[in-house]
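As a plain string of letters, each chain reads:
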Amino acid sequence: MALLRIRKYPDPALKQTAQAVTNIDGEISTLLDSMAQTMYAAPGVGLAATQVGDSRRLVVLDTDHQNPGKHLLKLINPQIVAAEGSIVWEEGCLSVIDFSAEVRRASKVLVRAWTLDQNELEMEATDLQAIAFQHELDHLDGKLFIDRLSRIKRDLYRRKLAKLMKEGKAIGQSPSHVRI
Ligand SMILES: [Zn+2]
């Protein structure tokens, strides 16, 4: 296992639409382990393969801060099959440095995915876990949470980032406590 390099906006890899996994094998298992290790080290509560430059539909997720590792999910080809309700959360992203913003999402989702032992799993998620699922699935479709903001807010961030990079003042992390 090795820590993977997390791609940061505006890396073009983050715009790739990930492809479905057709064969669940040892390589996928190793990659998911490395992704989980990278997520905990960051630290973050979710990581999509897109964020480490791999274009396959893989996600790791652990929104239980109290017991890291206990509720770790390693999901293959995850899909949201139903969504309801509405919630606004201050989101941060491991791939978007020096920025966080409020995003509106569904408050409850039904997720279907494959697991490493080749079983199909269906689970309901609410609140932070529901937000994290939607955020990660966006990554697999080449989308970032800043793409869900108004153009004005996105442009402000772009300009701020350019300035920080120029001045060498970028922190390199999202200021939000919940980085997905
Ligand atoms: Zn993210």
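Placed above this text is the structure.
Keep in mind it's a predicted model, so treat the numbers as computed, not measured.

Parameters and conventions
Residues numbered from 1 in each chain as written. Predicted model: local features only at pLDDT ≥ 70, side-chain atom pairs only at ≥ 80, totals over all residues. Heavy atoms only, no water. Phe/Tyr/Trp six-rings, centres within 6.5 Å; stacked < 30°, edge-to-face > 60°. Helix = DSSP H or I, 4+ residues; strand = E, 2+ residues; numbered from the N terminus. Buried < 20%, exposed > 50% of the residue type's maximum accessible area, 1.4 Å probe, protein only. Salt bridge = Lys/Arg side-chain N within 4 Å of Asp/Glu carboxyl O.

Draft legend 1. Main features of the packing of aromatic side chains. Per the stated rule, a full pass over the model turns up 3 aromatic pairs. Note on phenylalanine 99 and phenylalanine 145: the rings are 6.2 Å apart at their centroids and 15° apart in plane angle, and the pair reads as stacked. Of this pair, phenylalanine 99 sits in strand E5 (residues 96-105) while phenylalanine 145 is found in the loop between helix H2 (127-140) and helix H3 (151-167), placing the two residues 46 residues apart along the sequence. Take phenylalanine 99 and phenylalanine 145: they sit in the same class, and that class is buried. The rings of Tyr9, Phe99, Phe145 and Tyr157 are connected pair by pair, giving a single aromatic cluster.

Draft legend 2. Layout of the pattern of salt bridges. For the coordinates displayed, the defined rule picks out 13 salt bridges. A salt bridge links aspartate 155 to arginine 158; its shortest N-O distance comes to 2.9 Å. Of this pair, aspartate 155 and arginine 158 both sit in helix H3, separated by 3 residues, roughly a single helical turn. Taking the relative accessible area as the measure of exposure, arginine 158 reaches 40% and is therefore partly exposed. A salt bridge links glutamate 167 to lysine 163, with the nearest nitrogen and oxygen atoms 3.8 Å apart. Remark: lysine 163 and glutamate 167 occur in helix H3; sequence separation between them is 4 residues, near one turn of the helix. Residue classification places glutamate 167 among the partly exposed residues on the basis of a relative accessible area of 40%.

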